[in-house]
Number of protein chains: 2
Amino acid sequence: MQMRETIIENGLISMLCEGFTRSPLQVNELNKSDAEIVSLPGTKMHLAFTTDNIVEEIESGLYDDPYLIGWMTVIVNASDIAAVGAEPLGLLLSETLSDKYEPAFIEEIQRGISDACKEAGFFVLGGDTNFSHSAQFGAAAMGLITDNNIITREGCEAGDIVYLSGSAGIGSAYAFAKLSGFVEVPVYKPEPRIAHGKIIRQFASCCMDTSDGFLSTLDQLMRINKKGFLVNSLPAEYISGDAIEMSSKYGLSPLLMLAGQHGEFELIFTVPPDSESEFLKAAELSGWKPLKIGVVTEERSIKISDGNNFLCPDTTRLRNLLHETKGDLSLYMRRLTEIFAGPVLTEF
Amino acid sequence: MQMRETIIENGLISMLCEGFTRSPLQVNELNKSDAEIVSLPGTKMHLAFTTDNIVEEIESGLYDDPYLIGWMTVIVNASDIAAVGAEPLGLLLSETLSDKYEPAFIEEIQRGISDACKEAGFFVLGGDTNFSHSAQFGAAAMGLITDNNIITREGCEAGDIVYLSGSAGIGSAYAFAKLSGFVEVPVYKPEPRIAHGKIIRQFASCCMDTSDGFLSTLDQLMRINKKGFLVNSLPAEYISGDAIEMSSKYGLSPLLMLAGQHGEFELIFTVPPDSESEFLKAAELSGWKPLKIGVVTEERSIKISDGNNFLCPDTTRLRNLLHETKGDLSLYMRRLTEIFAGPVLTEF
């Protein structure tokens, strides 16, 4: 059973948090929400609070374009606020600048931050700037939930319908092309899903962003909810066209684009059947077409249709692969390709 | 005139924030508050929000004790929340762990974090963990201000009385001893000033923590308020005993302990004369004895009594010294010692 095996990252987080006392105001449990949710004393409101940093992405060369570094610094945080359907309140930057950065490079980072903030409806409130030989960029974001209607990663039931806010796979396609040194690298510029998140919060039973890739997200939702997922849409219906094109050009399985752990920051969420028509009406009104991809199952497994069969990718192995390969990204990609070159049916 | 000269750090922050749009909800202006203050829509409440990271302190070896690293990760943030007199709401950690850290070392960091949180009344809500060859630790903290009574770094008038929450100088004494390789290093473990901050907010006209050292704090308050400070207490009345002992042992000026930019995280604040007796009553009730150190002046200068004369340290030069010496801390300390070995009367 997949559930018996441990995700190394989850274990590390539990170890780090072991000695900490939980806040009586905190609504969500450890790891069970994209953003931490705190009830605001004396009101019916809640605050959403998150922090995320770009470290390995810069060190590995995955992000070397300064505008993208700035853009992603905001997006990785805005995405957590979107996943809990909160209204943006503000953002704090943590910039550790390299001594080697030219002023023009720093300006481009700031331009990326500024543009992403405008797109996501966030304002930079302040921040902290440091210098190091090793650059890293991060932020903390705050959002407001004006009522008691909370959505986290937990809460789906068997029979709930699984949706995706937009097509998946471009994150891994970008990473694969960039780190392999392909001449053509697909455009990677995830959009903030704040408006979608607010609609999702009204109708869905759980929600999580695909920051760690599509399959890792499903795996985490499986563990938290003790349910499974049957993804019965055809790959072409929910994997991005650019990602499918790249995979066919290089003879790779399109499922590889779902398996890589560099995500596209879309939202995976589940809608109870009796809320579906209302949800779809609200989505349509906002001009958004969410992608219906499958259904929540009682059986704790992840089954993905490749058009002919249902495959059961070993998501535990996929999620631990980065740790196993000790950050050696070439080895990581080779292993990942091997897994999807052979049979991926680890169980049925 | 000191005011005409520019602080390099302030210039950098302005440059970084140039393209950003300010939030209509933000109460404080850029750089004019220790924590960013945001009004909470539909209520009379405000949120205080801050982020601070420990980077150079680790890289330089200033903090090599893991418990201290953890303790300070919390304190640097709690201190900003204290300076605006907010009630702690929660804390998010950003830990960039070195691959070289042993589990026991990481456990000690977490113990320091946990202890400081208990002391400051903060709970860890969540966080982000990364790996790099260059470790850094940071946090973002959130606090609640339950009314419209806001305190920032701005607002003092000539004649207001200058107070210090507790003795100054131990931060620089510790840094001086640690980086010089002295056998005896004074104990450095700043306490969170959350309770003091709440009292200060009721009575004071401005407040700022001494995270960058005593004189840098006065200099920043001078620039923001366009006022000056006359510190007419004797050094022994407000410089920590350990710091004075160390300076006399090594033949250093005790004023050096006020000039170094590694602070002790006390609060410098100003109380209008007609609020002073009420303030002192409230402080006494809480068992706290704030240190009265001087008065706000119309003249924009910083004058410090050394017991015999009033000295006017060149705080612009002091604050830019770290940038001028390009992070070479031995050179920084040598220059600092030279300044205080010769006459420090740059003007009168």
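Further up the page is the structure itself.
Calculation rules
- Residues numbered from 1 in each chain as written.
- Chains lettered and ligands numbered in written order.
- Predicted model: local features only at pLDDT ≥ 70, side-chain atom pairs only at ≥ 80, totals over all residues.
- Heavy atoms only, no water.
- Helix = DSSP H or I, 4+ residues; strand = E, 2+ residues; numbered from the N terminus.
- Rg over C-alpha atoms; globule rule 2.2 N^0.38 Å.
- Buried < 20%, exposed > 50% of the residue type's maximum accessible area, 1.4 Å probe, protein only.
- Contact = heavy atoms within 4.5 Å.
- Areas by Shrake-Rupley, 256 points an atom, 1.4 Å probe, with all protein chains shown as cover.
- Lys, Arg positive; Asp, Glu negative; His and termini not counted.
- Charge placed at Lys NZ, Arg CZ, Asp CG, Glu CD.
- Buried area = accessible area lost by both parts, 1.4 Å probe.
- Salt bridge = Lys/Arg side-chain N within 4 Å of Asp/Glu carboxyl O.
- Polar contact = N/O pair within 3.5 Å; in protein donor to acceptor, adjacent residues only side chain to side chain.
- Nonpolar A, V, L, I, M, F, W, Y, C, P; charged D, E, K, R; others polar.
- Least-squares fit on C-alpha atoms with pLDDT ≥ 70 in both.
- Pairing = 2+ DSSP bridges.
- Arc of directions from axis to C-beta.
- Axes fitted to C-alpha atoms, helices over the stretch in contact; angles between N-to-C directions.
- Parallel < 35°, antiparallel > 145°, perpendicular 65-115°, else oblique.
- Left-handed = near helix turned anticlockwise from the far one by under 90°.

> Would you mind going over the overall build of chain A with me for this structure?
Secondary structure summary: chain A contains 13 helices and 12 strands in total. By the compact-globule yardstick of 20 Å for 348 residues, chain A fits well, its C-alpha radius of gyration being 20 Å. On the principal axes, the C-alpha backbone points of chain A span a range of 55 × 55 × 45 Å. Looking at chain A residue by residue over its 348 residues, the buried ones come to 60%. Summarising the internal contacts of chain A: among those between residues at least 6 apart in sequence, 82% fall at separations of at least 24. For chain A, the accessible area works out to roughly 13,300 Å², and carbon and sulfur atoms hold 51% of it. Looking at charge distribution, chain A has the averaged site of its 27 positive side-chain charges lying 4 Å from that of its 48 negative ones.

> I would appreciate a short explanation of the interface of chain A and chain B in the present structure.
You'll often see interface size given as the accessible area lost when the parts meet. The interface of chain A with chain B comprises 55 residues on the first partner and 56 residues on the second. Counting the surface lost from both chain A and chain B, the interface buries some 4,900 Å², and carbon and sulfur atoms represent 67% of this. Connecting chain A to chain B are 0 salt bridges. On inspection of chain A and its partner chain B, the count reaches 18 residue pairs in polar contact (both at pLDDT 80 or more). Examining the composition of the side of chain A that touches chain B, we find that 9 residues originate from one element, strand 4 (residues 124–132) of chain A, more than from any other. Of the residues contributing to the side of chain A that touches chain B, the split by class is 26 nonpolar, 21 polar and 8 charged.

> In this structure, what is going on with the relation of the copies chain A and chain B? I would like to understand it.
Mapping one chain copy onto the other needs a rotation about an axis and a shift along that axis. Of the transformation placing chain A onto chain B, the axial shift is 0.0 Å and the rotation is 180°, giving an RMSD of 0.0 Å. A rotation of that kind, with that shift, is consistent with a two-fold axis. A shared binding surface is used by both copies, with 100% of the interface residues of chain A retained as interface residues in chain B.

> Looking at this model, I keep getting lost on the sheet that holds strand 6 (residues 161–164) of chain A. Mind explaining?
Strand pairing within a sheet occurs via backbone hydrogen bonds; the two strands may be parallel or antiparallel. One open sheet accounts for 7 strands, arranged 7-9-6-10-8-11-12 (chain A); its pairing is mixed. What marks the edges here is a single partner per strand, and that holds for strand 7 (206–209) and strand 12 (310–311) of chain A.

> Would you explain helix 11 (residues 276–285) of chain A in this entry?
What sets the pattern is the α-helix's 3.6 residues per turn: residues three or four places apart point alike. All names here are of chain A. Along helix 11, the positions that sit buried rather than exposed are Glu276, Phe279 and Ala283. Projection of helix 11 onto a plane perpendicular to its axis shows the buried side chains occupying an angular sector of 65°, all on one side. The exposed set on the far side of helix 11, more than 90 degrees from its buried face, consists of Ser277, Lys281, Glu284 and Leu285. Lining the buried residues of helix 11 we find strand 6, helix 6 (194–203), strand 9 (267–271) and strand 10 (291–297). Just past helix 11, the residue Gly287 takes up positive phi, approximately 80°.

> I keep staring at the pattern of salt bridges and nothing clicks. Help me out?
Where side chains of opposite charge bring their charged atoms close, a pairing between them can arise. Applying the stated criterion across every chain, the model contains 30 salt bridges over all chains. In this structure, the salt-bridge partner of A:Glu29 is A:Lys32, at a minimum N-O distance of 3.3 Å. The class for A:Lys32 is buried, based on a relative accessible area of 17%. Of the charged contacts, one joins B:Asp219 and B:Arg319 as a salt bridge, the two residues approaching to 2.6 Å between their closest N and O atoms. With B:Asp219 in helix 7 (residues 214–225) and B:Arg319 in helix 12 (residues 315–324), this residue pair connects regions lying 100 residues apart in the sequence. For the pair formed by B:Asp219 and B:Arg319, the shared burial category is buried. Linked through salt bridges whose partners overlap, the residues forming this network are A:Glu29, A:Lys32 and A:Glu154.

> Please explain the packing of helix 5 (residues 170–180) of chain B against helix 13 (residues 329–341) of chain B as it appears in this structure.
A pair of packed helices is captured by two measures, namely the crossing angle of their axes and the spacing between those axes. All names here are of chain B. Axis separation between helix 5 and helix 13 bottoms out at 11 Å; the angle between their running directions is 125°. Relative to helix 13, the element helix 5 is oriented oblique. Where helix 5 crosses over helix 13, the handedness of that crossing is left-handed. Within the contact between the two elements, helix 5 uses Ala175, Phe176, Leu179 and Ser180 and helix 13 uses Leu329, Met333 and Thr337.

Worth remembering: the numbers are spatial, not functional.
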